[in-house]
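# Geometric and topological summary
One-letter residues, chain by chain:
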Amino acid sequence: MTAIANNHVVSFHYTLTNAEGEVLDKSQGEPLVYLQGAGNIIPGLENALLGKTVGDKFTVTVPAAEGYGEYNPELVQEVPAKMFQGVDNIQAGMQFQAQTDDGVQIVTVKAVEGENVIVDANFPLAGQDLTFDVEIVEIRDASEEELDHGHVHGAGGHHH
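Remember, predicted model here, so these are calculated numbers, not experimental data. Residue indices begin from 1 for each chain and proceed along its sequence in written order. Restriction of local features to residues with pLDDT of at least 70 applies here, the model being predicted, together with a cutoff of 80 or more for giving and counting side-chain atom pairs; totals for whole chains, interfaces and linings are based on all residues. Water and hydrogen atoms were dropped before computing side-chain values, which therefore reflect all heavy atoms in the structure.

## Overview of the environment of Val-137
So the rule is basically this: What counts as a helix is a DSSP run of H or I of at least four residues, what counts as a strand is a run of E of at least two, and both are numbered from the N terminus. Each residue's exposure class comes from its accessible area (1.4 Å probe, protein chains only) as a fraction of the maximum for that residue type: buried when under 20%, exposed when over 50%, partly exposed otherwise.
Structurally, Val-137 can be placed in strand β9 (residues 130-141). What makes Val-137 partly exposed here is its relative accessible area of 36%. Between the C-alpha atoms of Val-137 and Glu-30, which are 107 residues apart in sequence, the distance is 10 Å.

## Some details on the packing of aromatic side chains
In this description, an aromatic ring pair is defined by two values, namely the gap between the centres and the angle between the planes. Defined as follows: Between rings of Phe, Tyr and Trp, where Trp is taken as its six-membered ring, a pair exists when centres lie within 6.5 Å; planes separated by under 30 degrees are stacked, by over 60 edge-to-face, and by other angles tilted.
Under the criterion given, the structure shown has 5 aromatic pairs. Measuring from ring centre to ring centre gives 5.9 Å for Phe-12 and Tyr-14, while their planes differ by 50 degrees; the resulting arrangement is tilted. For Phe-12, a relative accessible area of 0% puts it in the buried group. Between the aromatic rings of Tyr-68 and Phe-123, the centroid separation amounts to 4.2 Å while the plane-to-plane angle is 10 degrees, which identifies the pairing as stacked. Of this pair, Tyr-68 sits in the loop between β4 (57-62) and β5 (76-80) while Phe-123 sits in the loop between β8 (116-120) and β9, placing them 55 residues apart in sequence. On the basis of relative accessible area, Tyr-68 is assigned to the partly exposed category, the value being 35%.

## Considerations on the sheet that holds β8
Strand-to-strand pairing in sheets goes through backbone hydrogen bonds, with the strands running parallel or antiparallel. Put simply, the test is: In short, DSSP must find at least two bridges between two strands for them to pair. Lines fitted to C-alpha atoms define the axes, with helix axes restricted to the stretch in contact, and inter-axis angles between N-to-C directions lie between 0 and 180 degrees.
Pairing in this open sheet of 4 strands is antiparallel, and the strands run β5-β8-β7-β6 from one edge to the other. Strands at the two margins of the open sheet, each flanked by one partner only, are β5 and β6 (95-100). In this sheet, adjacent strand axes meet at a mean angle of 45 degrees when their direction is disregarded.

## Description of the nonpolar core
Basically, it comes down to this: Among the buried residues, those of types Ala, Val, Leu, Ile, Met, Phe, Trp, Tyr and Cys that are joined through side-chain atoms within 4.5 Å form a nonpolar core. The contact criterion used throughout is that any non-hydrogen atoms of two residues lie within 4.5 Å.
Phe-12, Leu-45, Leu-49, Phe-132, Val-134 and Ile-136 are the most contacted members of the largest nonpolar core, which totals 20 residues. Among the elements of the structure, β1 (8-17), α1 (43-49), β4 and β9 are those that each provide at least two residues to this core. Top contributing element to this core by residue count: β9, with 5 residues. Setting aside residues no more than four positions away along its own chain, Phe-12 makes contact with Ser-27, Pro-31, Leu-32, Tyr-34, Leu-45, Leu-49, Val-134, Glu-135, Ile-136 and Val-137. Phe-84, Val-107, Val-117 and Val-119 belong to the second-largest nonpolar core, a separate cluster that totals 8 residues.

## Some words on the environment of Thr-53
Note on placement: Thr-53 falls in the loop between α1 and β4. Accessibility expressed as a relative area gives 18% for Thr-53, which makes it buried. With 36 residues separating them in the primary sequence, Thr-53 and Thr-17 have C-alpha atoms 23 Å apart. Look past the residues within four positions of Thr-53 in its chain and what remains in contact with it is Met-1, Thr-2, Ala-3, Ile-136 and Ile-139.

## As for the pattern of salt bridges
The following threshold applies: Any carboxyl oxygen of Asp or Glu that lies within 4 Å of a side-chain nitrogen of Lys or Arg is treated as forming a salt bridge with it.
Under the defined criterion, the tally for this structure stands at 2 salt bridges. With a closest N to O distance of 2.9 Å, Glu-146 and Arg-140 form a salt bridge. Under the relative-accessibility criterion, Arg-140 is labelled partly exposed at 31%.

## So, the pairing of β8
Buried residues dominate β8, accounting for 4 of its 5 residues. In terms of strand pairing, β5 meets β8 through 5 bridges, oriented antiparallel. Bridging across to β8, Val-76 finds its partner in Asp-120. Alignment of strand β7 (residues 103-113) against β8, held across 5 bridges, turns out to be antiparallel. Note that in β8 the partner of Ala-111 across the bridge is Ile-118.

See below:
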């Protein structure tokens, strides 16, 4: 049996739940496919998958620091509502893509206060401990091209 190691392409099914047990995400029909050791998935999950073999089913809880990072209060900002041109009715919970120096960032509206909007640029899962129920489906060696590019090609992989 092949155990997961760096430079393996791994397919797995997962269900992601938060500390309250709410399902946040899951693999839909097709498994998630990633390249072990390339940082394609959050570090805490990647580390937990090392050494597993096909057919393994396990649960891992990934602390926020090894997931999407700690919650950063400095990423909450007040911006003028006029920045949201073309949006008639800005409401808490809406998500927008904002162009920043670091590329495109998702911001979530926290509140609307008169002419100002409070936005939060933390990743929606930042600061949360995440629990993954995982089942390993397939393990194979990565191709040269996949190793060069640092991610999986073909079914379930990234597309350029």
